[in-house]
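# Breakdown of the fold
Each chain, written out:
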Amino acid sequence: MSTNTTELRLPIEGMSCASCVSRVEKALNGVQGVHSASVNLASGSAELVLDKGLATAELVAAVEKAGYRSPVEKTELVIGGMSCASCTGRVEKVLSRLPGVLSANVNLAAGRAYVALLSGSQDINALITVVEKAGFSAEAVDEQSENNESDERNRELVSLKRSLLLSALLTLPVFVLEMGSHFVPGMHAWVERTLGQSLNWQLQFVLATLVLFGPGLLFLKKGLPALLRGAPEMNSLVALGGLAAWGYSTVATFSGHWLPEGSRQVYFEAAAVIVTLILLGRFLEARAKGRTGEAIKKLLSLQAPTARVEKNGSTEDIPLKRVKVKDHVRVRPGERIPVDGTVIDGSSWVDESMLTGEPAPVAKGEGDEVTGGTVNNKGSLLVEVTQVGKQTRLAQIIRMVEQAQGAKLPIQALVDKVTGVFVPVVMSLALLTFVLWWWQGPAPALSFALVNGVAVLIIACPCAMGLATPTSIMVGTGRAAELGVLFRKGEALQGLRAVKVIAFDKTGTLTEGKPELTDLHVSSGQDQDRVLALIAAVEQRSEHPIAEALMAAAQERNLNLPEVSEFDTVTGMGVTAKAGGMRVNVGADRYLKSLNMDLSEFTNLASQLAGEGKTPLYAAIDGKPAAVLAVADRVKEGTPAAIAALHEQGLKVAMITGDNAGTANAIARQLGIDAVEAEVMPDGKVAALAHLRKQHGAVAFVGDGINDAPALAAADVGLAIGTGTDIAIEAAQVVLMRGDLRAVPQALAISRATLRNIRQNLFWAFAYNVCLIPVAAGVLYPAFGLLLSPMLAAGAMALSSVFVVSNALRLKRFRST
């Protein structure tokens, strides 16, 4: 095998015969860079010989295009030692080069790497090994590593504080001896008389050396090896700048005769102050970054450590890890509910603000579900456990928030491209600055060349670039979670900003989802109670919310329901069955018309009902129209306010419903909805979204039911009501933890606030470098005689990172209007 090729085993699912094998081999051999592909049906895999560097994602895409799939698993690593965007780029690059890795996304603010790879292609230790070879630490994420990560962050903060204090203490005398004359008249002459130039410089050498090789050793130990590996990063810039200033000054102090006349000056204060100011920036940044993950910490703190389990007549407090499904847990007033479960005894009011962001407590009684992490206010509850461990709602929320915080938005692609070449470009600019000043600069040219070259190295740190996006995402999604809005996918943050129209499912989303029978009109010769009994008998086999309304109406009249047989559902149309020996059809007008029934008798009445915002339905008995009935579904309390808020944000609002056009338009007029897609079959919602997208632009869809899942997945952004079905939630990108639709404009508002914050950070990070690198290089000197001291460069660089993180933390105070 050539040194330019490698082998890869690609797992494949869905093959069932030799024809499948042939099809997959053809697809893989068609990928440019694949030399050979041998597919084994028995093992369900393909053995490939391919060019090194060929993206595994291309192979997976080829397999999927052929109609099969390669199973993918995801893993997460805690990465230590990263300090700037160049570090994240380096870690991503070494992970992505491993065979079988589909993608590697590294988050500087979170200190995490999120890796997607072919199932079974790489051991976790292989991932850790390549990261460690790149000069960073790595470990798999588990409960122990998360504890270690927290401890490590605290140790880092203590260490930085200690180093900063020591560095500042040693730097202050150096700064006073060299720069004091700029602030205190006559000080220079006093230093010359008492110490003399030689002793003064030697004293500065001792102190600056202690700073650079004491607290500053942090930069040397990381920066120089990275430079030798050909992957320079922020520490490399600081190390080069500090060593250049210190080395030049050391030569001037002890071997000044080696330097040109007029160039014998020392810059020990620059070397020492650079280290001190950058340590100050690191300390402030680390302290601020610790606050970006507070949302996760708050969520974790909601988990009760123990549960009071009642078993065999006795009660015992046991660790939460030992609680099992079906256990009975007693929750006393004022206690936090430790598990997800169902109330089997007692009643109380429960504070669910951690889930929904709503402060009002919710009544709970026998049969109601409760969620671990919520607070029992008054009564005592006995709860039967339904979910434990990672299956609990709180654990799922934490997992969603972590995934969103680790996301890399499309806007980050530009940053990655720039930072990938940034440090080598800066080093080249610093070298060019040094050469030009030494060649063309005024006397003493070597001194000018050194000062300006070091200033360029120090000013151009990519820390702020690397922190600009992830810190905003971490704080923004964390704040959203506190308000009851969960971004399952971080990309939805950027996707929501581009949305032009919000489409709502009607039943259960805009409305309560609990229709009530309001009208029943029968044809001549028919008895109302008899017709309603037949309709209710048929509908009792249906799971549609309208069926519940009809059965409830029959129960109110104490009607006896006949026996039912031959029940059948016509999706999106209605139901049919034999009841009391008669064929009964119940459904929309389109259903009875499809059976060639004449509904002209009820046309005017149905139009009137629809104009009142009610949903007209028809019933036929033994092939003849027998009744028109109407049901109405009460609009949710927060719906009008939500629609008004969306209009204030400049968005169009649409409704997708299976109701007839008359009913749909009446409801739309009542609520101020701009566009209506009526008489939409359950499988037609995706097409309705496509129509809205063509008319208005990017579309978001809000739904809650199983039949909403395809539309939630097909929308540019899908928002699921958290009180809806699990299938709908899985298909959505954003989950609204409460049924109140006012959470929709809230989600859009925090999305826009987060994107605005990211743009501010990126502008600052890029503008800072674009403006100050030329200043550091000395472009203002010919016209204004201005140069940027390396000390000021270090201060500005530290300030840029602190500014970016502090700006992101403003999102913690987000309040939707």
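Throughout, a residue's number is its position along its own chain's written sequence, starting from 1. Local features in this predicted model are restricted to residues whose pLDDT is 70 or higher, and side-chain atom pairs enter the listing and the counts only when it is 80 or higher, whereas totals over whole chains, interfaces and linings include all residues. Derived side-chain values reflect all non-hydrogen atoms in the structure, with water molecules and hydrogen atoms excluded from consideration.

### Concerning the overall build of the protein
For clarity, the cut-off: Strands here mean DSSP runs of E at least two residues long; helices mean DSSP runs of H or I at least four residues long; both are numbered from the N terminus. Exposed residues in this analysis have more than 50% of their type's maximum accessible area, buried residues have under 20%, and partly exposed residues fall in between, with area computed by a 1.4 Å probe over protein chains only. We call two residues contacting when some pair of their heavy atoms lies within 4.5 Å. Reported accessibility uses the Shrake-Rupley method at a 1.4 Å probe radius. Residues are deemed covered only where the shown protein chains occlude them. As used throughout, the charge tally considers Lys and Arg to be positive and Asp and Glu to be negative, leaving His and the chain termini uncounted. Charged groups are reduced to one reference atom each: NZ for lysine, CZ for arginine, CG for aspartic acid, CD for glutamic acid.
A count of helices and strands for the protein gives 30 helices and 29 strands. For the protein, with 817 residues in total, the buried portion stands at 52%. Across the protein, the fraction of contacts at a sequence separation of at least 24, relative to all contacts at a separation of at least 6, is 68%. With an accessible surface of roughly 36400 Å², the protein has 54% of that area assigned to carbon and sulfur atoms. Of the charged side chains in the protein, 75 are positive and 77 negative; the average position of the first set lies 7 Å away from that of the second.

### Describing the UniProt feature "transmembrane region" (unreviewed entry) in the protein
Short version of the rule: UniProt positions are given in the numbering used here, feature names are shortened, and annotations may be inferred rather than shown by experiment.
UniProt annotation of "transmembrane region" (unreviewed entry) refers to residues 163–181, 201–220, 240–260, 266–284, 418–439, 445–469, 762–781 and 787–809 when read in the numbering used here. End C-alpha atoms of residues 201–220 are separated by 23 Å, and the span's content is 80% helix alongside 0% strand. Across residues 266–284 one finds 89% helix and 0% strand; the C-alpha atoms that close the span lie 30 Å apart.

### Quick notes on the side chain of Lys 506
Within the secondary structure layout, Lys 506 lies in helix 18 (residues 506–510). Leave out the neighbours within four places in its chain, and Lys 506 touches Thr 511, Thr 615, Met 655, Ile 656, Thr 657, Asp 659 and Ile 667.

### Let's talk about the sheet that holds strand 10 (residues 328–331)
Counted only if it meets this: When DSSP finds two or more bridges between two strands, those strands count as paired.
With antiparallel pairing, the six strands of this open sheet are ordered in space as 9-8-10-16-11-14. Strands at the two margins of the open sheet, each flanked by one partner only, are strand 9 (314–319) and strand 14 (369–370). By the bridge criterion, two bridges tie strand 8 (residues 306–311) to strand 10 in an arrangement that is antiparallel. Counterpart to Glu 310 in the pairing with strand 10 is His 328.

### A look at the nonpolar core
Put simply, the test is: By nonpolar core we mean a set of buried residues, namely Ala, Val, Leu, Ile, Met, Phe, Trp, Tyr and Cys, connected to one another through side-chain atoms within 4.5 Å.
By size, the foremost hydrophobic cluster in this structure holds 136 residues, and its most contacted members are Phe 487 and Ile 502. Top element by residues in this core is helix 28 (residues 743–777). It accounts for 15 residues. Here Phe 487 is in contact with Met 400, Ala 404, Thr 477, Ala 480, Ala 492, Leu 493, Leu 496, Gln 733, Val 734, Ala 747 and Ile 750, once residues within four sequence places are set aside. Within the second largest apolar cluster, 28 residues are counted, among which are Val 531, Ala 554, Leu 559 and Val 564.

### Examining the environment of Leu 165
Within the secondary structure, Leu 165 sits in helix 5 (residues 143–179). Residue class for Leu 165 comes out exposed when judged on its relative accessible area of 56%.

### Looking at the sheet that holds strand 6 (residues 112–118)
The following threshold applies: Under this scheme, a helix contributes an axis fitted over its contacting stretch, all axes are lines through C-alpha atoms, and angles between N-to-C directions fall in the 0 to 180 degree range.
The strand order across the open sheet formed by four strands is 5-6-4-7, and the pairing between neighbours is antiparallel. Edge positions in the open sheet fall to strand 5 (101–107) and strand 7 (137–140), since each of these has one partner strand only. On average, adjacent strands in this sheet sit at an angle of 25° to one another, irrespective of strand direction. Direction of pairing for strand 5 relative to strand 6: antiparallel, over a ladder of six bridges.

### As for the pairing of strand 20 (residues 564–570)
Summarising the sheet, strand 20 and strand 21 (residues 574–579) pair through five bridges and their orientation is antiparallel. Paired with Asp 568 across the strands is Thr 576, a residue of strand 21. Taking the residues between adjacent antiparallel strands as the criterion, strand 20 and strand 21 are bridged by three residues, where Gly 572 takes a positive phi near 75°.

### A few points about a positive patch on the surface
Short version of the rule: Like charges within 9 Å and nonpolar side chains (Val, Leu, Ile, Met, Phe, Trp, Tyr) within 5 Å are joined into patches, using only residues over 30% in relative accessible area that form no salt bridge. Every case where a carboxyl oxygen of Asp or Glu lies within 4 Å of a side-chain nitrogen of Lys or Arg is listed as a salt bridge.
Together, Arg 497, Lys 500, Arg 756, Arg 759, Arg 810 and Arg 813 line one region of the surface with positive charge. Within the fold, Arg 813 resides in the segment after helix 30 (790–809). We classify Arg 813 as exposed; its relative accessible area is 59%.

### Some words on the UniProt feature "domain: HMA" (unreviewed entry) in the protein
Mapped onto the present numbering, the UniProt feature "domain: HMA" (unreviewed entry) falls on residues 6–71 and 73–139. Regarding residues 6–71, the helix share stands at 33% and the strand share at 30%, and the terminal C-alpha atoms are separated by 21 Å. As a span, residues 73–139 carries 33% helix and 37% strand, and end to end its C-alpha atoms are 17 Å apart.

### A closer look at helix 15 (residues 445–459)
Condition: A helix is expected to reach a length of 1.5 Å times the quantity of its residues less one.
End to end, helix 15 covers 21 Å across 15 residues, agreeing with the expected 21 Å (1.5 Å per residue, within 8%). Taking burial as the measure, the 15 residues of helix 15 include 15 buried ones, the bulk of the element.

### Here's the deal with the pattern of salt bridges
Counting across every chain of the model gives 16 salt bridges. Two residues, Asp 519 and Lys 614, come together in a salt bridge whose shortest N-O distance is 2.9 Å. Here Asp 519 is found in strand 19 (residues 516–522), whereas its partner Lys 614 is found in the loop between helix 22 (603–611) and strand 23 (615–621), with 95 residues between them in sequence. Taking relative accessible area as the criterion, Asp 519 reaches 17% and is therefore assigned buried. Notably, a salt bridge pairs Asp 529 with Arg 557, separated by 3.0 Å at the nearest N-O pair. A residue pair is termed long-range when its members are at least 10 positions apart, and Asp 529 in helix 19 (residues 528–539) and Arg 557 in the loop between helix 20 (545–556) and strand 20 qualify at 28 residues. Asp 529 gets classed as partly exposed once you look at its relative accessible area, which sits at 34%. Overall, Arg 557 belongs to the partly exposed group, its relative accessible area being 37%.

### With respect to the environment of Lys 93
In this structure, Lys 93 sits in helix 3 (residues 85–96). For Lys 93, a relative accessible area of 43% puts it in the partly exposed group. Sequence separation of Lys 93 and Val 106 is 13 residues, and the distance between their C-alpha atoms is 10.0 Å.

### As for the pairing of strand 11 (residues 340–345)
Two strands pair when backbone bridges link them, and strand 11 and strand 16 (residues 381–387) are joined in this way by five bridges, in the antiparallel orientation. The residue bridging Asp 345 from the neighbouring strand is Leu 382, located in strand 16. Where strand 11 and strand 14 come together, two bridges link them in antiparallel fashion. Residue pairing across strands places Gly 341 opposite Val 370, the latter belonging to strand 14.

### Brief notes about helix 7 (residues 196–212)
Here helix 7 is 17 residues long and its end C-alpha atoms lie 24 Å apart, about the 24 Å a rise of 1.5 Å per residue gives. Of the positions making up helix 7, those classed as buried are Gly 196, Asn 200, Trp 201, Gln 204, Phe 205, Leu 207, Ala 208, Thr 209, Val 211 and Leu 212.

### Thoughts on the side chain of Ser 472
Residue placement: Ser 472 occurs in helix 16 (residues 463–482). Not counting the four nearest positions on each side in its chain, Ser 472 is found in contact with Thr 754, Asn 757, Ile 758, Asn 761, Ala 808 and Leu 811.

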